[in-house]
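Descriptive analysis of the structure
Below, each chain spelled out in residue letters.
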Amino acid sequence: MAEDLVLDTAIRDWVLIPLSVVMVLIGVLRYFVSKLMRSTQVPDLKIVKEGQVIVRARNFRAGANFIPPRSYRARKIYFTNEENGLLHVPKGQTPNPQAQMFSDPNMAMDMMKKNLSMIIPQTLTFAWVNFFFSGFVAAKIPFPLTQRFRSMLQNGIDLSTVDVSYVSSRSWYFLNLFGLRGLFSLILGEENAVDDTQRMMQMGGFGFDPTKGLSAEKDSLDIVQHEWALPKFEHRAEAVLRKLVH
Amino acid sequence: MVSKTEQSQLDRLENQVDNGGGGDWEYLCLVRKLKVRRSDKVLKYGLAILNDPKKRSSLGQDEWTLYEQVAIAAMDCQSIDAAKDCIKVLQKKFSESKRVGRLEAMLLEAKGSWAEAEKAYSSLLEDNPLDQVVHKRRVAMAKAQGNISGAIEWLNKYLEIFMADNDAWRELAEIYVSLQMYKQAAFCYEELILSQPTVPLYHLAYADVLYTLGGLENLQMAKKYYASTIDLTGGKNTRALFGICLCTSAIGHLAKGRNKEEKDSPELQSLAVTALEKDYKQRAPEKLSLLTTALKSMKIS
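Residues numbered from 1 in each chain as written. Chains lettered and ligands numbered in written order. Predicted model: local features only at pLDDT ≥ 70, side-chain atom pairs only at ≥ 80, totals over all residues. Heavy atoms only, no water.

As recorded by an unreviewed UniProt entry, chain B carries the name ER membrane protein complex subunit 2 and is attributed to Ziziphus jujuba. The Subunit (unreviewed entry) field of the UniProt record for chain B holds the comment "Component of the ER membrane protein complex (EMC)." For chain B, the Subcellular location (unreviewed entry) comment in UniProt is given as "Endoplasmic reticulum membrane". (UniProt positions renumbered as here; feature names shortened; annotations may be inferred.)

If you check an unreviewed UniProt entry, chain A appears there as ER membrane protein complex subunit 3 from Ziziphus jujuba. Of chain A, the UniProt comment under Sequence similarities (unreviewed entry) reads exactly: "Belongs to the EMC3 family." Within the UniProt record for chain A, the comment given under Subcellular location (unreviewed entry) is "Membrane".

Next up, the structure:
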């Protein structure tokens, strides 16, 4: 491309800048709305306890060789016996997360709120950008890029002849959507930044079942072989002292 | 746990602040982050910031955190009035907050009105049964009143839920030792060794408890744990060296008639004696004679 496209300054004034400003304002607004709707989550006693049991069992598994055989056996039975061991999950008592969700309206409510504060503004802004600014070339980045960036930077323009360093308005919207985190953490404080990418990750992790962790931990405890490490330490201590004395 | 770099950073900042070199706020932040107990300094420098309207307003939202920090430090230093002022400000700002409620309960505790504090803590726990700080305050309160069995009861209740809390296990172990309930203490120390197998202090404490329990088997185990302490500290721990000597001598007494000589490491004890002598020669030559008589009384040197 020999001759450059000349972008109208009006595009800068009426597309590029308003788009960014609107994105920032919506981010801030969403932060306050979600703050209003946030319910203080009281963690469930059972879940906390199960988490702690898992941590303790993991420690036990890792450090088992450091305690005497008698203590090891007592603990192993305490954790894994079939009647009332800490890690034993009675059959038929594994609650289905889905069923749990329906039985607990608060959980569904929280999900709804999360979704509301995330999806609705995003759909609206996307529709708005699409409606008013579709097809604009809004900016030009000052360095050349390879063809692979075309789908990232020229979303909405189906021209293969335009140089890749031109950014379409819709792509500018996406860049803003994912790139404003730093700015938000400046405006709203470190932890408050609205991070869409992170939230999407969280959505995927929903429905984690702690009882699964319990039985997995039990299985790995069952196969642990106990070999008391301490007798070795007498020799090692001897070696250490010998080095110290001589 | 405070790592070495953090410790040196803290020391540097503390030195700087003590000499009036500025950085007060950074120092307070670091103290809060590392959860170290520097109540007198926090009170002094924190109050200085809070009493200076210009400095205070420049903190923005962190102002309230500082109020909380200073209030707790003031209670620790028994300057009840300062704590009261801080809590009053917080109360005005966050009237419904549980966190402020906790501070108020702590103030009652600091004043020594145990019954009222107990009531306040119970009502806080009703709202949020998983508040670790409140659980721990209760234990501390029982201990402060001299109600050791009560403290044990609270701690056990707490550990039933938060069983991965090292500090609580350690506290429980120390309480059991103070009551001479060594079997229970041994269990707690085992728990600590499990969670942090490379901390020599736990090995040492466990060995002490085993030695105190006595009996051939326990003594042999104690010796092994003293040995592991020596290994983990690189032979720098005098208590562990003495422990080896004491264990060997006691085992010798017990196993005398039985002729059951299962010596894995016959040299360990003589090496420990040599290391002790060398250490004393280097650091306290005038006490060397004491060492020799002590070792002689064990009939091993």
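There's plenty left to go through after this.
Some words on the overall build of chain B
Counting its regular elements, chain B contains 17 helices and 0 strands. The buried share of chain B, reckoned over its 301 residues, is 47%. Counting contacts in chain B only where the partners sit at least 6 residues apart, residues at least 24 apart contribute 47% of the total. Just so you have it, chain B exposes about 15,600 Å², and 51% of that area is on carbon and sulfur atoms. (Helix = DSSP H or I, 4+ residues; strand = E, 2+ residues; numbered from the N terminus. Buried < 20%, exposed > 50% of the residue type's maximum accessible area, 1.4 Å probe, protein only. Contact = heavy atoms within 4.5 Å. Areas by Shrake-Rupley, 256 points an atom, 1.4 Å probe, with all protein chains shown as cover.)

A closer look at the overall build of chain A
Counting its secondary structure elements, chain A contains 11 helices and 2 strands. Counted from the first residue to the last, chain A has its helices and strands arranged as α-α-α-α-α-β-α-β-α-α-α-α-α. Looking at chain A as a whole, 36% of its 246 residues are labelled buried. A separation of at least 24 residues holds for 71% of the contacts in chain A among residues at least 6 apart in sequence. Roughly 15,600 Å² of accessible area belongs to chain A as shown, and the carbon and sulfur atoms make up 62% of that amount.

Remarks on the packing of aromatic side chains
Residues and elements named next belong to chain A. Counting across every chain of the model gives 20 aromatic pairs over all chains. Residues F126 and Y173 carry aromatic rings whose centres are separated by 5.7 Å and whose planes lie at 45° to one another, so their mutual orientation is tilted. Of this pair, F126 sits in helix α5 (residues 105-133) while Y173 sits in helix α7 (residues 169-179), and the two are 47 residues apart along the sequence. Residue classification places F126 among the partly exposed positions, given a relative accessible area of 27%. Among the aromatic residues, those joined into a cluster by ring pairs are W128, F131, F132, F133 and F136. (Phe/Tyr/Trp six-rings, centres within 6.5 Å; stacked < 30°, edge-to-face > 60°.)

Some words on the pattern of salt bridges
Tallying each qualifying case throughout the model produces 26 salt bridges over all chains. In this structure, R102 of chain B engages D131 of chain B in a salt bridge whose closest nitrogen and oxygen atoms are separated by 3.2 Å. In this pair, R102 of chain B is assigned in helix α7 (residues 98-111) and D131 of chain B in the loop between α8 (114-127) and α9 (132-144), connecting sequence segments 29 residues apart. Two residues, R283 of chain B and D279 of chain B, come together in a salt bridge whose shortest N-O distance is 3.1 Å. A residue pair is termed a helical-turn pair when its members lie 3 or 4 positions apart in one helix, as R283 of chain B and D279 of chain B do in helix α16 (residues 267-283) at 4 residues. A residue is classified by how much of its surface remains accessible, and D279 of chain B, at 18% relative accessible area, is buried. Because the salt bridges share partners, they merge into one network encompassing R56 and R75 of chain A together with E190 and E191 of chain B. (Salt bridge = Lys/Arg side-chain N within 4 Å of Asp/Glu carboxyl O.)

Here we look at the interface of chain A and chain B
Residue-level contacts link 36 residues of chain A with 42 residues of chain B. Buried area between chain A and chain B, both sides added, is near 3,500 Å², and the carbon and sulfur share of it is 67%. In this assembly, chain A and chain B are joined by 6 salt bridges. Here E217 of chain B makes a salt bridge to R70 of chain A, at a shortest N to O gap of 3.6 Å. Where chain A touches chain B, the interface holds 11 residue pairs in polar contact (both at pLDDT 80 or more). Per element, the largest residue contribution to the side of chain A that touches chain B is 13 residues, and it comes from helix α11 (residues 230-245) of chain A. Residues belonging to the side of chain A that touches chain B are distributed by class as follows: 22 nonpolar, 5 polar and 9 charged. (Buried area = accessible area lost by both parts, 1.4 Å probe. Polar contact = N/O pair within 3.5 Å; in protein donor to acceptor, adjacent residues only side chain to side chain. Nonpolar A, V, L, I, M, F, W, Y, C, P; charged D, E, K, R; others polar.)

Some points on the UniProt feature "transmembrane region" (unreviewed entry) in chain A
Residues and elements named next belong to chain A. In this structure's numbering, the residues bearing the UniProt feature "transmembrane region" (unreviewed entry) are residues 14-33 and 119-143. Along residues 14-33 one finds 100% helix and 0% strand; the C-alpha atoms at either end are 27 Å apart. Helix makes up 60% of residues 119-143 and strand 16%, whereas the separation of the span's terminal C-alpha atoms amounts to 34 Å.

Description of the nonpolar core
It is characteristic of soluble globular proteins that their nonpolar side chains tend to be buried jointly. Formed by 73 residues in total, the largest nonpolar core has its most connected members in L241 of chain A together with L172, Y225 and Y226 of chain B. Contact partners of L241 of chain A, with chain neighbours within four places excluded, come to I230, G235, L241, L268, L271, A272 and A275 of chain B. In this structure, V70, I80, A82 and L125 of chain B belong to the second largest nonpolar core, which totals 44 residues. (Core = buried A, V, L, I, M, F, W, Y, C linked by side-chain atoms within 4.5 Å.)

Section: helix α5 (residues 62-76) of chain B
Residue and element names in this part refer to chain B. With 15 residues, α5 should cover 21 Å at 1.5 Å per step; its first-to-last C-alpha distance of 21 Å lies within 8% of that length. Counting buried residues in α5 gives 11 out of 15 residues, a clear majority hidden from the surface. Turning to α5, its buried residues are E63, W64, L66, Y67, E68, Q69, V70, A71, A73, A74 and M75. Buried residues in α5 make contact with α2 (24-34), α3 (39-50), α4 (53-57), α6 (80-93) and α7. Phi turns positive, to about 60°, at Q78, one or two residues after α5. (Expected span 1.5 Å × (residues − 1).)

Re a positive patch on the surface
Residue and element names in this part refer to chain B. A surface patch of like charges, here positive, comprises K84, K88, K92 and K111. At 3 residues, α6 tops the list of elements feeding residues into the positive patch. Inspection of the secondary structure puts K84 in helix α6. (Patch = residues over 30% accessible without salt bridge, like charges linked within 9 Å, V, L, I, M, F, W, Y side chains within 5 Å. Lys, Arg positive; Asp, Glu negative; His and termini not counted. Charge placed at Lys NZ, Arg CZ, Asp CG, Glu CD.)

Quick look at the environment of F143 of chain A
If you trace the backbone, F143 of chain A turns up in the loop between β1 (137-140) and α6 (150-153). Sequence separation between F143 of chain A and V164 of chain A is 21 residues, and the spatial gap between their C-alpha atoms is 9.5 Å.

Some words on unusual backbone geometry
For K35 of chain B, which is not glycine, the phi torsion reads 55° and is therefore positive. Classification of K35 of chain B by relative accessible area gives exposed; the value is 76%.

Some points on the state of the cysteines
Covalent bonding between the sulfur atoms of two cysteines defines a disulfide. Counted according to the given criterion, the structure contains 0 disulfides over all chains. Cysteine C247 of chain B shares no disulfide, and the gap to the nearest cysteine sulfur, in C245 of chain B, comes to 9.4 Å. (Disulfide = S-S within 2.5 Å.)

Details of the packing of α7 of chain B against α9 of chain B
Residues and elements named next belong to chain B. Their axes nearest at 12 Å, the elements α7 and α9 cross at an angle of 5°. Between α7 and α9, the interaxial angle falls into the category roughly parallel. Listed contacts from α9 to R102, M106 and E109 of α7 are V133, V134, R137 and M141. (Axes fitted to C-alpha atoms, helices over the stretch in contact; angles between N-to-C directions. Parallel < 35°, antiparallel > 145°, perpendicular 65-115°, else oblique.)

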